[in-house]
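Structure at a glance
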Amino acid sequence: MAEGKRAERGTTPHAVGRVAGRVRTGRVSGRVAPIERAATEVAHFDETPRPVFHDPEGTRRRRLRVVAYVVGLVLLVVLLAFWLSQLSGGVP
């Protein structure tokens, strides 16, 4: 008898594991504009894109270089302090 019911079902997929519940739907809260009225822009692939950031004076590059030097110097001092503490033997 169980095989008869199984044969009636066919090959439809069944939920595996625990089914948590049903989806609850509510009222529609907004409307979506039709695709014909969507705000779009025409893409021109033959033109070069505008630069995202342009720094002709080079101030950004100089600031980044100074910050990188300071960070590198701080890391070098910390590394040297660590090496000296290891070489001196530390606290017994």
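Placed above this text is the structure.
Our subject in this report is the structure included herewith.

Scoring rules and cut-offs
Residues numbered from 1 in each chain as written. Predicted model: local features only at pLDDT ≥ 70, side-chain atom pairs only at ≥ 80, totals over all residues. Heavy atoms only, no water. Helix = DSSP H or I, 4+ residues; strand = E, 2+ residues; numbered from the N terminus. Buried < 20%, exposed > 50% of the residue type's maximum accessible area, 1.4 Å probe, protein only. Areas by Shrake-Rupley, 256 points an atom, 1.4 Å probe, with all protein chains shown as cover. Expected span 1.5 Å × (residues − 1). Patch = residues over 30% accessible without salt bridge, like charges linked within 9 Å, V, L, I, M, F, W, Y side chains within 5 Å. Salt bridge = Lys/Arg side-chain N within 4 Å of Asp/Glu carboxyl O. Lys, Arg positive; Asp, Glu negative; His and termini not counted. Charge placed at Lys NZ, Arg CZ, Asp CG, Glu CD.

Here's the deal with the overall build of the protein chain
Tallying secondary structure elements over the protein chain gives 2 helices and 0 strands in all. A buried classification covers 1% of the 92 residues belonging to the protein chain. Here the protein chain displays about 10400 Å² of accessible surface, and carbon together with sulfur accounts for 60% of that area.

Structural notes on helix H2 (residues 59-87)
With 29 residues, H2 ought to run about 42 Å at 1.5 Å a step, and its terminal C-alpha atoms sit 42 Å apart, in line with that. Two residues or fewer after H2 comes Gly89, characterised by a positive phi angle close to 100°.

Let's talk about a positive patch on the surface
Taken together, the side chains of Arg61, Arg62, Arg63 and Arg65 present a region of like positive charge at the surface. Looking at where Arg61 falls in the secondary structure, it is placed in helix H2.

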